[in-house]
Amino acid sequence: METILEIQNLSHSYHSPEGETPALSHLSFSVQKGEFISIVGPSGCGKSTLLSLISGLMEPEEGKIELKGKRMGYMLQKDHLLEWRTIYRNIILGLEIKHLLTKETKSKVQAYLEQYGLLEFANARPSELSGGMRQRAALIRTLILEPDLLLLDEPFSALDYQTRLTVADDIGQIIRREHRSAILVTHDLSEAISLGDRVIVLTKRPASIQSIVPLTFSLEEDTPLKRRNAPEFKNYFNLVWKELNGK
């Protein structure tokens, strides 16, 4: 299997006049092409710091981050759609910035809009869409640039519970259908298990790896929602919970 991301001995601290605050300590793991990794850990342990380092927004103090692909996509807690642009014009924003807006990419945008149920809302403003539809538009905006790796920083946390379940299922299936590699940071253990191929459990700050839990479900149709009702789900939840609490 092809490795898309390799992290070796990664450490990072924050510095201020008051002193040093260690955030990450000697993390090592890899992500395979097409693999979905979920990362959980105690609040404030450095999960978002890890994504910032992987994305290149910050430089690590120690260790190595090697992305084998060329492009990376980043979805945050908020969709950050621009109200003065239509949904269509929000989706093509990255293409415009990178001077990639061509007849071919416009056709692909149209196909994405139709495939994922947003075609009739292409000329609507973001405020006219539900939270779930906005997140779907944000994902299309990210996917249209064909990223080799998707970073998802709690992208469903701003949604109500019912919408969150539906959108997580929807977006999880889209990512797998597109054969994208993804790293999800979440506080929701059920979400981590329903979406991931593996769950990486981090310790409290400075975060190191407590354990890595591979996930296998005996389902004819393996989707996030169906996983929640699978017999293996409860066992994985209990295992991850115990690892998260150091038991």
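Look a little higher up for the structure.
Structural notes, computed from the coordinates. If you're wondering where the values come from, they're calculated on a predicted model, not measured in any experiment.

Helix and strand content of the protein chain: nine helices and nine strands. Computed over the C-alpha atoms, the radius of gyration of the protein chain is 18 Å, within 12% of the 18 Å expected from 2.2 N^0.38 for a compact globule of 247 residues. For the C-alpha atoms alone, the extent of the protein chain along its principal axes is close to 50 × 50 × 35 Å. Within the protein chain, contacts between residues at least 6 apart in sequence are counted, and of these 70% link residues at least 24 apart. On the protein chain, roughly 12300 Å² of surface is accessible, and the fraction owed to carbon and sulfur atoms is 49%.

Next up on the list: helix H6 (residues 161-177). Between the first and last C-alpha of H6 there are 24 Å, a value that for 17 residues agrees with the 24 Å anticipated at 1.5 Å per step. Arg-164, Leu-165, Val-167, Ala-168, Asp-169, Ile-171, Gly-172, Ile-174 and Ile-175 are the residues of H6 that are buried. Contacts made by the buried residues of H6 are with strand E3 (36-40), helix H5 (131-143), strand E6 (149-153), strand E7 (181-185), helix H7 (189-195) and helix H8 (224-228). Looking one or two residues past H6, His-179 carries a phi angle of roughly 55 degrees, positive in sign.

Now for the sheet that holds strand E4 (residues 62-67). Spatially, E2-E1-E4 is the arrangement adopted by the three strands of the open sheet, whose pairing is antiparallel. The open sheet terminates on both sides in strands that have one partner only, identified here as strand E2 (19-32) and E4. Along the sheet, successive strands turn relative to each other by an average axial angle of 20 degrees, direction set aside. The strands that helix H1 (residues 47-55) touches are strand E1 (3-16), E2 and E4; relative to E1, the one it contacts most, it runs at about 115 degrees.

What counts, and at which threshold
Each residue is numbered by its place in its chain's sequence as written, counting from 1. Given that the model is predicted, a residue must reach a pLDDT of at least 70 before its local features are reported, and side-chain atom pairs must reach 80 or more before they are shown or counted; all residues, however, enter totals for whole chains, interfaces and linings. Neither water nor hydrogens contribute to the side-chain values; these are computed over all heavy atoms in the structure. Helix and strand assignments follow DSSP, with helices taken as H or I runs no shorter than four residues and strands as E runs no shorter than two, numbered in order from the N terminus. This radius of gyration counts C-alpha atoms alone. The globule rule is 2.2 Å times how many residues there are, raised to the power 0.38. Contacts are residue-level and defined by heavy atoms, with any inter-residue pair within 4.5 Å sufficient. Areas reported as accessible are Shrake-Rupley estimates using a 1.4 Å probe. Residue values count occlusion only from the protein chains shown. To estimate the expected span of a helix, subtract one from its residue number and multiply by 1.5 Å. Only protein chains enter the accessibility calculation, which uses a 1.4 Å probe; a residue whose area is less than 20% of its type maximum is buried, one above 50% is exposed, and one in between is partly exposed. We treat two strands as partners when DSSP finds at least two bridges between them. Every angle, taken between N-to-C directions, lies between 0 and 180 degrees, and every axis is a line fitted to C-alpha atoms, over only the stretch in contact when it is a helix.

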